[in-house]
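Coordinates in review
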Amino acid sequence: MAAVTADTMVLPRVKPAGLGDTERPVLAISTGPTGYEGEGFPVRRTMAGVPDRYLDPFIMMDQMGEVEYAAGEPRGTNWHPHRGFETVTYLIDGQFVHQDTHGGGGVIREGATQWMTAGSGLLHIETPPPKLVEDGGLFNGFQLWVNLPAKDKFLQPAYQPVEASDLLLLGSDDGGALLRVIAGEVDGHRGPGRTHTPITLLHASVVAGAQLSLPWQPTYNALAYVYAGSGTVGPKGEPIAAGQLAVFGPGDRITIAADAKQDSRTSSLEVILLGGEPIREPMVHYGPFVMNTREELVQAVEDYQAGRLGVIPPDAIMPHVPRDARDPRG
């Protein structure tokens, strides 16, 4: 359920709540619908139906899985374009292979994160490696889209891998929760991910019966997505379970508690916590393009069709076809 573990008793701790701290209320709890993406892999649209004003600067976040693939079933994406934002892929189980037209690439393993700044535009692919396709196995992860402000929409594309060993590990004040900080700052501790839009992104495991009280940047929004387990959120202890997203209101601290009894699949409440500085600019979104105006969207489509976002290289990775599915004539 979590690729990176550690003894919270020996880690730096976040400070407990103090006088004058303001708990963030829960504004809404939603359940994301399921669907399929790319070549046909299952996803949960974790932010679907949540008003943009609560999400800004985030565009969407898909949970990829959790699914136990049979042999020959794993799927990813084929080559496709992006412009105007950043994609963040965090894997908990399984592997993806990445390649893009600006030289970025590598294997994303359990506990690792791929941070890709699409900026002015590129083509890329994310696909399971041949062994995972042939053998099947457990796959679970997330892809988050982070918007870029108008001044950064046409940045030079860039790629940064954040390996599992790079993650900043913290404990809650009582040691009952492990925090894996991917990017941003938590109580003065900064994660490894380099961001253009100011955000905080982390994965928390809260053991059964424990509570996580976490200081949070007051100017950021705050969201919590539960992918395993059950518990409560906010000062009123509103119930939340796997597949649900909590939207918090203003304040400088968020509270999440794990139920004393979890289901048989997990011993802890597993939560993706994220927040960022709202951009507060017009946003228009068409497929893999996120811009400020309709005219910019039209230009993005035209640039893609004309090959100005990149050309698939001759050594390109391609989705692996299982042995049993290959055309015997080829």
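For the structure, see preceding data.
Given the structure is predicted, the values throughout are model-derived calculations rather than measurements.

Bringing the pairing of strand β3 (residues 41-45) into the picture now. As paired elements, strand β2 (residues 34-37) and β3 share 4 bridges and run antiparallel to each other. Opposite Y36, over in β3, you have P42 as the bridge partner. Linking two consecutive strands that pair antiparallel, namely β2 and β3, is a turn of 3 residues; a positive phi of about 60° is found at G38 within it. Here 3 bridges tie β3 to strand β4 (residues 58-69), and the two strands are oriented antiparallel to one another.

Further remarks concern the sheet that holds strand β20 (residues 230-233). The strand order across the open sheet formed by 4 strands is β18-β23-β20-β21, and the pairing between neighbours is antiparallel. The open sheet terminates on both sides in strands that have one partner only, identified here as β18 (211-215) and β21 (238-241). Averaged over all neighbouring strand pairs, the angle between strand axes comes to 25°, with direction disregarded. Relative to β21, β20 is paired through 4 bridges, and the arrangement is antiparallel. When the bridges of β21 are listed, T232 appears paired with P239.

Take the pairing of strand β6 (residues 85-93) next. Burial analysis of β6 places 9 of its 9 residues in the buried class, which makes it a mostly covered element. In this sheet, strand β11 (residues 137-147) lies alongside β6 in antiparallel orientation, the contact comprising 8 bridges. Within β11, the position partnered with T89 by the bridge is Q143. Two strands pair when backbone bridges link them, and β6 and strand β9 (residues 113-117) are joined in this way by 5 bridges, in the antiparallel orientation. Following the sheet pairing, V88 is matched in β9 by W115.

Counting 30 residues, the largest nonpolar core has M47, L144, I272 and L274 as the members making the most contacts within it. For this core, the elements supplying multiple residues, two or more each, are β4, β6, β11, β14 (177-183), β17 (199-207), β19 (222-228), β22 (244-248) and β24 (268-276). Looking at this core, the element that brings in the most residues is β19, giving 4 residues. Other than its neighbours up to four places away in sequence, I272 contacts M61, Y90, F142, L201, L202, H203, L223, A224, Y225 and Y227.

Next up on the list: the pattern of salt bridges. Here the structure, examined in full by the defined rule, presents 10 salt bridges. A salt bridge links E37 to R45; the shortest N-O distance between them is 3.2 Å. Residue E37 is classed as partly exposed on the basis of its relative accessible area of 35%. Residue R45 is classed as partly exposed on the basis of its relative accessible area, which comes to 25%. One salt bridge in this structure joins K151 and D152, with 3.1 Å as the shortest N-O distance. A relative accessible area of 9% means that D152 is categorised as buried. Here the salt bridges do not stand alone but share partners, grouping E37, R45 and D62 into one network.

This part covers unusual backbone geometry. Note the cis peptide between D56 and P57, where omega equals 20°. The omega torsion across G65 and E66 is 0°, close enough to zero to call that bond cis. Assignment of secondary structure puts E66 in strand β4. Despite not being glycine, D187 has its phi angle at roughly 55°, a positive value. Along the chain, D187 falls in the loop between β15 (185-186) and β16 (189-190). The exposure class of D187 is partly exposed, given its relative accessible area of 22%. Non-glycine residue R280 carries a positive phi angle of around 55°.

Moving on to the side chain of D62. Within the element layout of this structure, D62 appears in strand β4. Its relative accessible area of 6% is what places D62 among the buried residues. Among the polar contacts listed, one links the side chain of D62 to the side chain of R45, at a separation of 2.4 Å. Setting aside its immediate chain neighbours within four residues, D62 contacts E37, V43, R44, R45, T46, G141, F142 and Q143.

So, how was this worked out
Residues numbered from 1 in each chain as written. Predicted model: local features only at pLDDT ≥ 70, side-chain atom pairs only at ≥ 80, totals over all residues. Heavy atoms only, no water. Pairing = 2+ DSSP bridges. Helix = DSSP H or I, 4+ residues; strand = E, 2+ residues; numbered from the N terminus. Axes fitted to C-alpha atoms, helices over the stretch in contact; angles between N-to-C directions. Buried < 20%, exposed > 50% of the residue type's maximum accessible area, 1.4 Å probe, protein only. Core = buried A, V, L, I, M, F, W, Y, C linked by side-chain atoms within 4.5 Å. Contact = heavy atoms within 4.5 Å. Salt bridge = Lys/Arg side-chain N within 4 Å of Asp/Glu carboxyl O. Polar contact = N/O pair within 3.5 Å; in protein donor to acceptor, adjacent residues only side chain to side chain.

That's the geometry; what it means functionally is another story.
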